[in-house]
Amino acid sequence: AVVSTQSTGETINSLYNTVLLCEKGLKVFEDAVRSQIEKHILKTLCLDLTKATFTKLAEEHDCPFQGDNMKLDSIVAYLPKNAKPFATSIITSVTSGTNVQEFIESYTELTDPQYTQLLVKKLDKKKERNMVFAQKQSLLEQLKTEENSANLLNMACNLIFIKQHSTLLHVPGRCTSAVVKHISRDFTGPQ
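All values derive from a computational prediction rather than experimental measurement. Chains are numbered independently. Their residues run from 1 in the order of the written sequence. Only residues with pLDDT of at least 70 are given local features in this predicted model, and only at 80 or more are side-chain atom pairs given and counted; all residues enter the totals for whole chains, interfaces and linings. Hydrogens and water are ignored here; the side-chain numbers use all heavy atoms of the structure.

## Brief notes about the packing of aromatic side chains
Stated precisely, the cut-off is as follows: Only centres within 6.5 Å qualify two rings of Phe, Tyr or Trp (six-membered ring in Trp) as a pair; their planes then separate them into stacked at under 30 degrees, edge-to-face at over 60, and tilted for everything else. Think of it this way: any DSSP run of H or I at least four residues long counts as a helix, any run of E at least two long counts as a strand, and we number them from the N terminus. Accessibility here uses a 1.4 Å probe with only protein chains present; expressed as a share of the type maximum, an area under 20% marks a residue as buried, one over 50% as exposed, and anything in between as partly exposed.
The tally for this structure, following the rule as stated, stands at 4 aromatic pairs. The interplanar angle of 45° and the centroid separation of 6.3 Å between the aromatic rings of F86 and Y115 together place this pair among those described as tilted. Taken together, the positions of F86 in helix α4 (residues 84-96) and Y115 in the loop between α5 (100-110) and α6 (125-145) put the pair 29 residues apart, joining distant regions of the chain. F86 sits in the partly exposed class, given a relative accessible area of 24%.

## A word on the layout of surface pockets
Here the idea is plain: a probe the size of a water molecule rolls over the atoms and shows the empty space left. Using the following cut-off: In the cavity and pocket records, a cavity denotes points on a 1 Å grid over the protein atoms alone where a 1.4 Å probe fits but cannot get out, a pocket denotes an open set with protein on both sides within 12 Å along at least 5 of 7 lines, and lining residues are residues with an atom within 4 Å of a point. Grid points are joined across faces, edges and corners, and a volume is the space filled by probe spheres set on the points. Each residue receives one of three labels: charged for Asp, Glu, Lys and Arg, nonpolar for Ala, Val, Leu, Ile, Met, Phe, Trp, Tyr, Cys and Pro, and polar for the others, Gly being one of them.
Considered as a void within the structure, the largest pocket measures approximately 290 Å³ in volume. Along the wall of the largest pocket there are 17 residues; nearest its centre are Q135, L139, N158, L169 and H170. The set of elements that each furnish at least two residues to the lining of the largest pocket consists of α1 (2-26), α2 (31-60), α6 and α7 (149-165). With 5 residues, the top contributor of residues to the lining of the largest pocket is α6. Taken together, the residues of the lining of the largest pocket break down into 9 nonpolar, 8 polar and no charged.

## Quick notes on the nonpolar core
Short version of the rule: In this text, buried Ala, Val, Leu, Ile, Met, Phe, Trp, Tyr and Cys residues form a nonpolar core when linked through side-chain atoms within 4.5 Å. Residue contacts are counted whenever heavy atoms from the two residues lie within 4.5 Å of one another.
By size, the foremost hydrophobic cluster in this structure holds 53 residues, and its most contacted members are I37, I41, L49, F54, F103, Y107 and L110. When residues of this core are traced back to their parent elements, those giving at least two are α1, α2, α3 (72-76), α4, α5, α6, α7 and α8 (176-183). In terms of residue count, α2 provides more of this core than any other element does, 11 residues in total. Non-local contacts of F103, meaning those with residues more than four positions away in its chain, are made with L42, C46, L49, T50, I90, S93 and V94.

None of the figures reported here should be taken as evidence of function without further support.
Right, dumping it as structure tokens:
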């Protein structure tokens, strides 16, 4: 059980820090594009983080809804009274929300030590650089074997974005053209 708890904690921390790094990358985009990217981050990374966290909370608070039977809103009833508004806010964010920062604020409150034994740690600069570097290396490895042109373009955009901004990017395919437009600003045309 200790190994399971450890790996759950590591997974949750990794997802949390990925959300933080992707949120940092949002700031460079215009409102319309940023809105689409935020919704995508909420429905993918934030939802995965929420499911992992609520699974852990369900275990800690003896909630019978665990594993495949887990319904996020069912777990809220088992949480301490003061934690419920934050949990409800998180569920709203991942189902119909539009603001990653609001999700992060509610998530930070929910994972306060008074509500969970789970230790969620923000990245320091060194760990942040290591995480960005690891993502860059992973993308470079994937690039070697990828044959799908859309995936290749997405990976290349991610790599250039990492190089330019030292943070992560998590965008839906429909926003790729906006990313290309943004990253190409730093390139000069044919001379």
